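Each chain is listed here by its residues.
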Amino acid sequence: MARILIIDDDDSLREVVRFILTEAGHEVTPAAGGEEGLAVLDQGFDLVVTDIRMPGIDGMQVLARVRENPAPDAPPVIVLTAHGTVEQAVEAMRLGAYTYLLKPFQREDLLRTVEQALHTRNLERENLRLRRLLKQSGPVPGLIWRSPVMKQLVEDLQKVAPSDATVLLSGESGTGKELAAHALHDLSPRWNRPFVAVNCGAIPAELMESELFGHAKGAFTGAVAASVGRLRAAAGGTLFLDEIGELPLALQPKLLRVLETRQVDPVGGSGPVETDFRLVCATNRNLEADVASGRFRDDLLYRIRIVEIALPPLRDRTGDIPLLWEHFTQLHDGDELVSEPELLAELERRPWRGNVRELRNLNQRLVLMRSQEALTLADLQRLAPEDGNAQQPTIAADSAGLPLGALPPDGLPLIELEKEVIRRALDLCGGNRTRTAEYLSIPRHVLIYRLSKYELG
Ligand SMILES: Nc1ncnc2c1ncn2[C@@H]1O[C@H](COP(=O)(O)OP(=O)(O)OP(=O)(O)O)[C@@H](O)[C@H]1O
Ligand SMILES: [Mg+2]
């Protein structure tokens, strides 16, 4: 049931609409003209249906009054129009009317249009409610912190989020750069437009140009269809170039040109196309050093570093560790599981070369493999001793030197083995992906692909 205001100076039409909508279960208030309608307007209607052409205050003026409140507080407006006033109806939509109905209309048309308008309004309201809820759970959704350095960082994120300034997020692997990039988008006016993430380290160099800038059909062998590319896919929203330090040197001037001209030139295309995105980049490399060694162009660095936000390593904010640990325990287990104080003290003491990601992965391992109802220091030392020689219950070195014992007789899903090997290799390399890829003798982009596929990253 919705509360609907119907404004029309035509008595019989008003009566028909009132009848149909009342029969459909709505509570309908009829008004014989603009004046009468405006007099009751602030009674909290869910929908206004109004004729356009009326003596005195007409439908356009009613619309203007309704729209003085921002949606979704303002109810949607459906305007009723005859053939002669269709142009006005189109103008009404430009001014914010939900839609128009051409007279004479069928009962079904009226009901369908009304239900659609009410549905849209419900979605808008729900959206607003969720956004308010999210805001309550902390100023930056998803980011857990307590330390003063993180407080400062959250304030910086809130300050730059509403602008279109290019932000470079720097910091060691696993410090939360991707999370911060999402936060910048969610807190910006672009929040309901696309967030397009591209990991420059995960795309093979030869595919990167068409992936980013798009290509025309037939631009190269294999280009069977045209592609708009990630830069244009982010139009209206945020483009997140992760691991920007891995962007091939040859493409750096092309990206710079896009940023300067706000136009993208697709591979094999017929010329540049306008685009509009907000750029956020992330890196765990020292880009200054890369500039010095000729790996990264200085002009591009200056362009992407309008604002730099540095994510501090976890060892510099050990005060966050207990809170993060609780958060991950809840995530991995529900909220019953407690952690010994001795365990928390030890966690605060460790170096966390893989930062928050390492903490999260370790939490998951402890929750899964614990020997008691609580999380204990003893289990930590058994499953993740500091020297890295964790007891490895399923994979033990065999005589041939390969780290594989007898295979379990009942079968072993290869995929689980691969996940476990990747997880351990990542731990061993302190979360550093380049070193992990070298350790596993696979290309870095292959590792990154698997990390995201197995949700390890
Ligand atoms: N402050 C935080 N609160 C809650 N979770 C966090 C926080 N920081 C990081 N995480 C979690 O830690 C993991 C790693 O974070 P993220 O992917 O953002 O790191 P990153 O800096 O992008 O790392 P990399 O350089 O390796 O890509 C993610 O699962 C993320 O959700
Ligand atoms: Mg990342």
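For clarity, every value in this text was computed on a predicted model and none was experimentally measured. (Residues numbered from 1 in each chain as written. Chains lettered and ligands numbered in written order. Predicted model: local features only at pLDDT ≥ 70, side-chain atom pairs only at ≥ 80, totals over all residues.)

1. As for the overall build of the chain
Part 1 of the argument: In terms of regular secondary structure, the chain is built from 19 helices and twelve strands.
Part 2 of the argument: For the chain, whose C-alpha radius of gyration is 29 Å, the value lies well above the compact-globule estimate of 23 Å for 457 residues.
Part 3 of the argument: Projecting the C-alpha coordinates of the chain onto the three principal axes gives extents of approximately 95 × 60 × 50 Å.
Part 4 of the argument: The 457 residues of the chain split such that 31% are buried. (Helix = DSSP H or I, 4+ residues; strand = E, 2+ residues; numbered from the N terminus. Rg over C-alpha atoms; globule rule 2.2 N^0.38 Å. Buried ≥ 20, exposed ≤ 12 C-beta atoms within 10 Å, placed from the backbone.)

2. With respect to the site of ligand 1
Part 1 of the argument: If you check the shell around ligand 1, you find 17 residues, and the closest are Ser-173, Gly-176, Lys-177, Glu-178 and Val-356.
Part 2 of the argument: The set of elements that each furnish at least two residues to the shell around ligand 1 consists of α7 (177-186) and α15 (355-369).
Part 3 of the argument: For the shell around ligand 1, the residue count by class is seven nonpolar, six polar and four charged.
Part 4 of the argument: Lining the shell around ligand 1 are residues from two domains, each supplying at least three of them: domain 2 (148-312) and domain 3 (314-391). (Near = placed C-beta within 6 Å. Nonpolar A, V, L, I, M, F, W, Y, C, P; charged D, E, K, R; others polar. Domains from an automatic or database assignment.)

3. Some details on the sheet that holds strand β11 (residues 278-283)
Part 1 of the argument: The parallel open sheet is built from five strands, whose spatial order is β7-β8-β11-β6-β12. Both edges of this open sheet fall to β7 (195-199) and β12 (307-310), since each of them pairs with a single strand only. Neighbour to neighbour, the strand axes of the sheet diverge by 20° on average, direction disregarded.
Part 2 of the argument: Pairing of strand β8 (residues 238-242) with β11 involves four bridges; the strand directions are parallel. Residue pairing for β11: Phe-240 is matched across the bridge by Val-280. (Pairing = 2+ DSSP bridges. Axes fitted to C-alpha atoms, helices over the stretch in contact; angles between N-to-C directions.)

4. As for the pairing of strand β6 (residues 167-170)
Part 1 of the argument: Burial along β6 is two-sided: the residues Val-167 and Leu-169 and Leu-168 and Ser-170 are all buried.
Part 2 of the argument: Bridge count between β6 and β11: four bridges; the pairing is parallel. Within the sheet, the bridge partner assigned to Ser-170 lies in β11 and is Thr-283.

5. Topic: the packing of helix α13 (residues 321-333) against α15
Part 1 of the argument: Here α13 crosses α15 at 45°, and the two axes come no closer than 9 Å. Taken as axis vectors, α13 and α15 run oblique relative to one another. Like other packed secondary-structure pairs, α13 and α15 cross with a definite hand, here right-handed. Note on element contacts: α15 touches α13 through Val-356, Leu-359, Arg-360, Asn-363, Gln-364 and Val-367, opposite Ile-321, Leu-324, Trp-325, Phe-328, Thr-329, His-332 and Asp-333.
Part 2 of the argument: When the residues that make up the contact of α13 with α15 are grouped by side-chain class, the tally is seven nonpolar, four polar and two charged. (Parallel < 35°, antiparallel > 145°, perpendicular 65-115°, else oblique. Left-handed = near helix turned anticlockwise from the far one by under 90°. Contact = placed C-beta atoms within 7 Å.)

6. Some details on the domain arrangement of the chain
Part 1 of the argument: We note that the domain assignment places domain 1 (3-133), domain 2 (148-312), domain 3 (314-391) and domain 4 (409-457) within the chain.
Part 2 of the argument: Inter-centroid distance (C-alpha atoms) of domain 1 to domain 4 is 58 Å.

7. Considerations on helix α6 (residues 148-160)
Part 1 of the argument: Here α6 contains 13 residues, and its C-alpha end-to-end distance of 19 Å stays within 8% of the 18 Å for a straight helix at 1.5 Å per residue.
Part 2 of the argument: For α6, the complete set of buried residues consists of Met-150, Leu-153 and Leu-157. Seen along its axis, α6 keeps its buried residues to an arc of 55°; they face one direction. Turned more than 90 degrees from where α6 packs its buried face, Pro-148, Lys-151, Gln-152 and Glu-155 sit exposed.
Part 3 of the argument: Summarising the contacts, the buried residues of α6 are in contact with α7 and β12. (Expected span 1.5 Å × (residues − 1). Arc of directions from axis to C-beta.)

8. So, the sheet that holds strand β5 (residues 99-102)
Part 1 of the argument: A sheet is described by the order of its strands in space; here five strands give the open sequence β2-β1-β3-β4-β5, paired in parallel fashion. Single-partner strands in this sheet number two, and they are β2 (27-31) and β5. Pairs of neighbouring strands in the sheet enclose a mean axial angle of 20°, with direction left out of account.
Part 2 of the argument: Its contacts with the sheet put helix α4 (residues 86-94) on β4 (77-81) and β5, and the angle it makes with β4 is roughly 170°.

9. Let's talk about the packing of helix α18 (residues 433-440) against helix α19 (residues 444-453)
Part 1 of the argument: Look at α18 against α19: their axes get within 9 Å of each other, and the N-to-C directions meet at 105°. Judged by the angle between their axes, α18 and α19 are roughly perpendicular. For the pair formed by α18 and α19, the contact residues are Arg-433, Thr-434, Thr-436, Ala-437 and Leu-440 on the first element and Arg-444, Leu-447 and Ile-448 on the second.
Part 2 of the argument: Looking at the contact of α18 with α19, its residues break down into four nonpolar, two polar and two charged.

10. Considerations on the nonpolar core
Part 1 of the argument: Of all hydrophobic cores here, the largest spans 45 residues; its most connected members are Leu-169 and Cys-281.
Part 2 of the argument: Here this core spans two domains, and each of domain 2 (148-312) and domain 4 (409-457) adds at least three residues to it.
Part 3 of the argument: Residues contacting Leu-169, with those up to four places away along its chain left out, are Lys-177, Ala-180, Ala-181, Val-280, Cys-281, Ala-282, Ile-309 and Leu-311.
Part 4 of the argument: Listed in part, the 29 residues of the second largest apolar core include Val-28, Val-66, Leu-80 and Tyr-100. (Core = buried A, V, L, I, M, F, W, Y, C linked by C-beta atoms within 7 Å.)

11. With respect to the pairing of β2
Part 1 of the argument: One ladder, built from five bridges, connects strand β1 (residues 3-7) with β2; its direction is parallel. Paired with Ile-6 across the two strands is Pro-30, which belongs to β2.
Part 2 of the argument: At this point the chain moves from β1, through helix α1 (residues 11-23), to the parallel β2, and the crossover so formed is right-handed. (Right-handed = clockwise from strand over helix to strand, strands pointing away.)

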